[in-house]
Amino acid sequence: AEMVIDAFDGDLVEIGEFVGLVLGSVPRYFQALREAAASTDWEKTASLAHTLRGSVGNIGAARVAALARDVESAARARGLLPDLTLLSNAVETLLSALVRWRQTLDVPIQESESR
């Protein structure tokens, strides 16, 4: 949280908007990743895992980023993908934490950002 606050010089409105973007994009990336993995589209799976890793890395979510990196590496090697349940659980935990954190910032949540 401190990393994000510092990056936006403490501007709560901008932080709220940024977190809203993450809340809006991460679930879509993860769902698309699941679909690509299920269809064994290795290139798309790797690309989406890379995108997901970058998105969560921007907010300092190291565990989700590490799990996404593992999926990306396995997909690029066309190897056995790790169980996506771990990544799914980590993504859900992150999203819940972000919603709670943003509520403590007391910034408005736009309808388009709700999951």
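A few points on the structure. (Residues numbered from 1 in each chain as written. Predicted model: local features only at pLDDT ≥ 70, side-chain atom pairs only at ≥ 80, totals over all residues. Heavy atoms only, no water.)

1. Here we look at the packing of helix α3 (residues 42–57) against helix α4 (residues 62–76)
Direction vectors running N to C along α3 and α4 enclose 160 degrees, while the axes themselves pass 8 Å from each other. Comparing their axes, α4 and α3 come out roughly antiparallel. Of the two possible hands of crossing, α3 and α4 adopt the one that is left-handed. Between α3 and α4, the residues in contact are Trp42, Thr45, Ala46, Ser47, Ala49, His50, Leu52, Arg53 and Val56 and Val64, Ala65, Ala68, Arg69, Val71, Glu72, Ala75 and Arg76, respectively. Across the contact of α3 with α4, the residue classes tally to 10 nonpolar, 3 polar and 4 charged. (Axes fitted to C-alpha atoms, helices over the stretch in contact; angles between N-to-C directions. Helix = DSSP H or I, 4+ residues; strand = E, 2+ residues; numbered from the N terminus. Parallel < 35°, antiparallel > 145°, perpendicular 65-115°, else oblique. Left-handed = near helix turned anticlockwise from the far one by under 90°. Contact = heavy atoms within 4.5 Å. Nonpolar A, V, L, I, M, F, W, Y, C, P; charged D, E, K, R; others polar.)

2. Details of the packing of helix α2 (residues 12–38) against α3
Across the interface, α2 lies against α3 with an axial gap of 9 Å and an inter-helix angle of 160 degrees. On the basis of their axis angle, the class for α2 and α3 is roughly antiparallel. For the element pair α2 and α3, the recorded crossing hand is left-handed. On α3, the residues that touch Val26, Tyr29, Phe30, Ala32, Leu33, Ala36 and Ala37 of α2 are Lys44, Thr45, Leu48, Ala49, Thr51, Leu52, Ser55 and Val56. Considering only residue class, the contact of α2 with α3 consists of 11 nonpolar, 3 polar and 1 charged.

All quantities given are derived from atomic positions and should not be read as evidence of function.
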